[in-house]
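# Fold and contact review
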Amino acid sequence: MVGYDPETKCVSSLEAAAAGSASGFVTRVLISPLDVIKIRFQLQIEQLSSRNPGAKYHGIWQAVQRIFQEEGLVAFWKGHVPAQFLSVGYGAVQFTAFESLTRLVHTVSSYDARHSCVHFVCGGLAACTATVAVQPVDTLRTRFAAQGEPKIYHNLRHAVVMMYQTEGPRAFYRGLSPTIVAIFPYAGLQFSFYNVLQQFSEWVIPAEEKRGGNVKSLVCGSCAGIISKTLTYPFDVFKKRLQVGGFEQARATFGQVRMYRGLLDCIRQIMREEGLGGFFKGLSPSLLKAAVSTGLVFFWYELFCSLLCSLKSTDSTVRKES
């Protein structure tokens, strides 16, 4: 169901956009707490260890307890409004672009649109398109999730106006370079591994025993998310560090802050001060989030596409009978 399939031809571009938006919306509500914890870990300069007295966060459970005690339950959904704009917009653009690109490959070339290599290239290009479209919202989401108390930004409108007036329009695209560099292989690997794992499950499970297609989508998506996130994770750290540049005042209560002149300077400073481990800060909650979010995105997308196809089929049958 993910990507163009010449044998079914069931989902239109508009329906892919609707299914992608819906899957992004539902998934975002469920994984927001993991996202907040991941961002806090990525932005912490101090080592993530209980042996370091200057470190605010040591591990996932300790971070959950501390955030809850200091900021309350709603803190786990900080930046949720811009995050929802991000998820809905990203899901719509990504899946529409992916369906269109795989259809184009099938139409103008001799390649099979269902091949994993085609899914890798088309998935990467679709994600780059979606990333450029929603990058300003992603920057806003990161800043909301990163700010402590007292808050610098009171609401979405205040954040947009303040960032534009104090930092200019380029502030909304901070961290775009490492994002683009990372998102192509990350999304490409997601789609290709999801395709490979789906084909593998088709080969392993006999035809007469095939049930629970939605559960299979969830498992395959989760595995694809873990593999792709692990391979491209450092770029996510660079992106988050760059996105909060000029936002040091709101980070004061969380520990040390750093200013970076660009991607290469960010890499050099992290390597010099934090070592190789600095490139993988927040990997644990990130992998947990990647497994849950990627699995849910593919699960909900396949489910919504199936529902749309069923509705179209029912409607077609009713018309024929009439």
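Here the structure is a predicted model, which is why all the values come from computation and not from measurement.

## Section: a nonpolar patch on the surface
There is a patch of nonpolar side chains on the surface, built from Phe25, Val29, Leu30, Phe68, Leu73 and Trp77 and spanning about 580 Å² of accessible area. When residues of the nonpolar patch are assigned to their parent elements, the largest contribution, three residues, is made by helix α1 (residues 13-43). Looking at the element boundaries, valine 29 is found in helix α1. Of the residues examined, valine 29 reaches a relative accessible area of 34% and is grouped as partly exposed.

## Thoughts on empty space enclosed by the protein
For the coordinates displayed, the defined rule picks out two cavities of 30 Å³ or more. The computed volume of the largest cavity comes to approximately 780 Å³. Taken together, 40 residues line the largest cavity, and the ones lying closest to its centre are Arg28, Tyr90, Ile183, Tyr186 and Lys289. Counting only elements with at least two residues in the lining of the largest cavity, the list comes to α1, α3 (80-108), α4 (116-146), α6 (176-204), α7 (213-243) and α10 (283-321). When its residues are assigned to classes, the lining of the largest cavity shows 15 nonpolar, 15 polar and ten charged. Around the second largest cavity sit Arg28, Ser32, Asp35, Val36, Ile39, Lys78, Gly79, His80, Ala83, Arg141 and Ala145, which together line it. Within the residue set of the lining of the second largest cavity, elements represented by two or more residues are α1, α3 and α4. Here the lining of the second largest cavity is built from residues that sort into four nonpolar, three polar and four charged.

## Regarding the packing of aromatic side chains
Pairs of aromatic rings are described using the distance from one ring centre to the other and the angle between the two planes. For the coordinates displayed, the defined rule picks out 13 aromatic pairs. Ring plane angle 90° and centroid distance 6.4 Å describe the contact between phenylalanine 95 and phenylalanine 298, whose orientation is recorded as edge-to-face. Of this pair, phenylalanine 95 sits in helix α3 while phenylalanine 298 sits in helix α10, and the two are 203 residues apart along the sequence. For the pair phenylalanine 95 and phenylalanine 298, a shared accessibility class is recorded, and that class is buried. Ring geometry for phenylalanine 299 versus tryptophan 300: centroids 5.1 Å apart, planes at 75°, classification edge-to-face.

Rules and cut-offs
Residues numbered from 1 in each chain as written. Predicted model: local features only at pLDDT ≥ 70, side-chain atom pairs only at ≥ 80, totals over all residues. Heavy atoms only, no water. Patch = residues over 30% accessible without salt bridge, like charges linked within 9 Å, V, L, I, M, F, W, Y side chains within 5 Å. Areas by Shrake-Rupley, 256 points an atom, 1.4 Å probe, with all protein chains shown as cover. Salt bridge = Lys/Arg side-chain N within 4 Å of Asp/Glu carboxyl O. Helix = DSSP H or I, 4+ residues; strand = E, 2+ residues; numbered from the N terminus. Buried < 20%, exposed > 50% of the residue type's maximum accessible area, 1.4 Å probe, protein only. 1 Å grid on protein atoms, 1.4 Å probe; cavity = no way out; pocket = protein on both sides within 12 Å on 5 of 7 lines; lining within 4 Å. Points joined across faces, edges and corners; volume = space filled by probe spheres on them. Nonpolar A, V, L, I, M, F, W, Y, C, P; charged D, E, K, R; others polar. Phe/Tyr/Trp six-rings, centres within 6.5 Å; stacked < 30°, edge-to-face > 60°.

Fair warning: the whole summary comes from geometry, so function is off the table for now.
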